[in-house]
Amino acid sequence: MPPPNETPAAAPLDRTALNTQVIAELAKASVPKFSLLNQPGAAARIVWQDKTIKSLEHYLPEPLRKRATAALVDADSFATYVNAHKQMGTVITGDANERGGAFAALLDYHWPNQDVPSWTEHTATMTLEPTPEWARWLGAAGKDLDQRAFAEFLEDNAVDVIVPEGAAGKGFPTQQDLMSVASTLQVKTDVRFASSVKLQNGQVQLGYVETIEGGHGQDGKMAIPERFGIAVAPFRGTCKYLVTVRLRYRGTGGKALFRLEIERPHKIVESAFNDVRIVIEKATGLKVLVGKITPQARNES
């Protein structure tokens, strides 16, 4: 026994056990606190201590609902997709402006006349994409083109030119007529345009002075159409429409400037939009609402 009034010796310090305990406490402290949120019809979610939410739906064998944004390029594809996924609340909208338009299908929209709202996370869209031909004519319209640029444009796009039915002999030129104008403008490069006279047949007669060998001038005249018709499809998947193009001429310092003006292009776009709308309505059996709908966005924070 130890002598009276003598303190017993301390037990040896178990450093291994102490380190294990410290590590366990530190690990426990480093794990953020969370709670599990379970609601009927929804995947379980973790709510962390900082209020952020993590859905566990991606661990399920399949998602709980359809979520997609499909972008289609023609009416047939758009209608086919809508028919494959439409449900009671599906709504189709469409809107057009002076140069184009678009359609949108809210496939899982709110059920009508029933208290069944939806987050609307499955949509399909279709934008009316201009054809290359329509884009070329719109791109050239309203611009002043010099003699060479105008001749080259006519030569490259004369294939679109048509004579409207019943308009033969009423001032509408044929493809060959416009090609002849283009060829003449390309040859008569060393001329000074001096005057213009509107003829009874709807053409404009340009007067010019051509410099010939020896420095002498030779007067000449050239008839160009005041307007002509083209047949183009404004958008991919639409039919061709008759479009009237007016030709304006302006002389500046002996040089000729030409301008193409498309008559009421917005009406061509409107007609094409309405024709596509009818195709969609017949194919899907759904009325296309003119305008736009912005569905409520889900916010899980």
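Coordinates for the structure precede this section.
The shown structure was predicted, so the numbers you read here are calculated from the model rather than taken from an experiment.

Caption draft 1: The arrangement of the pairing of strand β5 (residues 91-96) in detail. As judged from the six bridges shared by β5 and strand β6 (residues 101-106), these two strands associate in the antiparallel manner. What sits directly across from Ile92, in β6, is Ala105. Turn length for the β5-β6 hairpin, with the two strands adjacent in sequence and antiparallel, is four residues. Both β5 and strand β16 (residues 288-290) contribute to a ladder of three bridges, which runs parallel. In the strand pairing of β16, Gly94 is matched with Val290.

Caption draft 2: Focus on a nonpolar patch on the surface. Together, Met88, Trp111 and Val116 give the surface a local cluster of nonpolar side chains, amounting to about 250 Å² of exposed area. By the secondary structure assignment, Val116 is in the loop between β6 and β7 (122-127).

Caption draft 3: Representation of the pattern of salt bridges within the structure. Considering all chains together, one arrives at six salt bridges under this definition. Note that Glu121 and Arg67 form a salt bridge whose closest N and O atoms lie 3.2 Å from each other. A residue pair is termed long-range when its members are at least 10 positions apart, and Glu121 in the loop between β6 and β7 and Arg67 in the loop between β3 (53-55) and β4 (68-72) qualify at 54 residues. Judged by relative accessible area, which is 19%, Glu121 ranks as buried. A relative accessible area of 42% means that Arg67 is categorised as partly exposed.

Caption draft 4: Looking closely at helix α4 (residues 147-157). When α4 is considered as a whole, its buried residues turn out to be Gln147, Phe150, Ala151, Phe153, Leu154 and Asn157. Projected onto a plane normal to the axis of α4, the buried residues spread over an arc of 160 degrees and lie on a single side. Exposed and facing more than 90 degrees away from the buried side of α4 are Arg148 and Asp156.

Caption draft 5: Fine view of the nonpolar core. Membership of the largest hydrophobic core comes to 46 residues, with the highest contact counts inside it found for Phe78, Phe103, Trp137, Leu260 and Ile280. No other element matches helix α6 (residues 265-284), which puts six residues into this core. With residues up to four places along the chain from it excluded, the contact list for Phe78 reads Leu72, Ile92, Phe103, Ala104, Ala105, Ala124, Thr125, Met126 and Ile280.

Caption draft 6: A look at the side chain of Glu281. With respect to the helices and strands, the residue Glu281 is situated in helix α6. The contacts of Glu281, once residues within four sequence positions are left out, are Leu286, Lys287 and Val288.

Caption draft 7: Fine view of a negative patch on the surface. Negative charge collects at one region of the surface, where Asp146, Glu152, Glu155 and Asp156 lie side by side. With three residues, the single largest contributor to the negative patch is α4. Tracing the backbone through its elements, the reader meets Asp156 in helix α4. Since its relative accessible area comes to 59%, Asp156 is described here as exposed.

Caption draft 8: Spotlight on the packing of aromatic side chains. As enumerated under the stated definition, the model contains four aromatic pairs in all. A ring pair is formed by Trp137 and Phe228, whose centres lie 5.9 Å apart and whose planes are at 55 degrees; its orientation type is tilted. Here Trp137, found in helix α3 (residues 132-140), pairs with Phe228, found in strand β13 (residues 227-232); they are 91 residues apart in sequence, far enough to count as distant. On the accessibility criterion, Trp137 (1% relative accessible area) is buried. A relative accessible area of 0% places Phe228 in the buried class. Grouped by ring-pair contacts, the aromatic residues Trp137, Phe153 and Phe228 constitute a single cluster.

Caption draft 9: Region of the structure containing the sheet that holds β7. Here we have five strands laid out as an open sheet, ordered β4-β7-β6-β5-β16, and mixed in their pairing. Each of the sheet's edge strands pairs with one partner strand only, and the pair in question is β4 and β16. Strand-to-strand twist in this sheet, taken as the mean axis angle between neighbours without regard to direction, amounts to 20 degrees. Lying on the sheet, helix α2 (residues 75-85) is in contact with β4, β5, β6 and β7; it crosses β7 at an angle near 170 degrees.

Caption draft 10: Region of the structure containing the environment of Asn97. The topology assignment puts Asn97 in the loop between β5 and β6. Asn97 sits in the exposed class, given a relative accessible area of 52%. A C-alpha to C-alpha distance of 7.9 Å links Asn97 and Glu270, two positions 173 residues apart in sequence. One polar contact links the side chain of Asn97 to the main-chain amide nitrogen of Gly100, over a distance of 2.7 Å.

Caption draft 11: Geometry of the packing of α2 against α6. It is at 9 Å that the axes of α2 and α6 come closest, and there the two elements cross at 30 degrees. Looking at the two axes, α2 sits roughly parallel to α6. Crossing handedness for the pair α2 and α6: right-handed. Across the interface between the two elements, Ala75, Phe78, Ala79, Val82 and Asn83 from α2 touch Val276, Val279, Ile280, Ala283 and Thr284 from α6.

About the cut-offs
- Residues numbered from 1 in each chain as written.
- Predicted model: local features only at pLDDT ≥ 70, side-chain atom pairs only at ≥ 80, totals over all residues.
- Heavy atoms only, no water.
- Pairing = 2+ DSSP bridges.
- Helix = DSSP H or I, 4+ residues; strand = E, 2+ residues; numbered from the N terminus.
- Patch = residues over 30% accessible without salt bridge, like charges linked within 9 Å, V, L, I, M, F, W, Y side chains within 5 Å.
- Areas by Shrake-Rupley, 256 points an atom, 1.4 Å probe, with all protein chains shown as cover.
- Salt bridge = Lys/Arg side-chain N within 4 Å of Asp/Glu carboxyl O.
- Buried < 20%, exposed > 50% of the residue type's maximum accessible area, 1.4 Å probe, protein only.
- Arc of directions from axis to C-beta.
- Core = buried A, V, L, I, M, F, W, Y, C linked by side-chain atoms within 4.5 Å.
- Contact = heavy atoms within 4.5 Å.
- Lys, Arg positive; Asp, Glu negative; His and termini not counted.
- Charge placed at Lys NZ, Arg CZ, Asp CG, Glu CD.
- Phe/Tyr/Trp six-rings, centres within 6.5 Å; stacked < 30°, edge-to-face > 60°.
- Axes fitted to C-alpha atoms, helices over the stretch in contact; angles between N-to-C directions.
- Polar contact = N/O pair within 3.5 Å; in protein donor to acceptor, adjacent residues only side chain to side chain.
- Parallel < 35°, antiparallel > 145°, perpendicular 65-115°, else oblique.
- Left-handed = near helix turned anticlockwise from the far one by under 90°.

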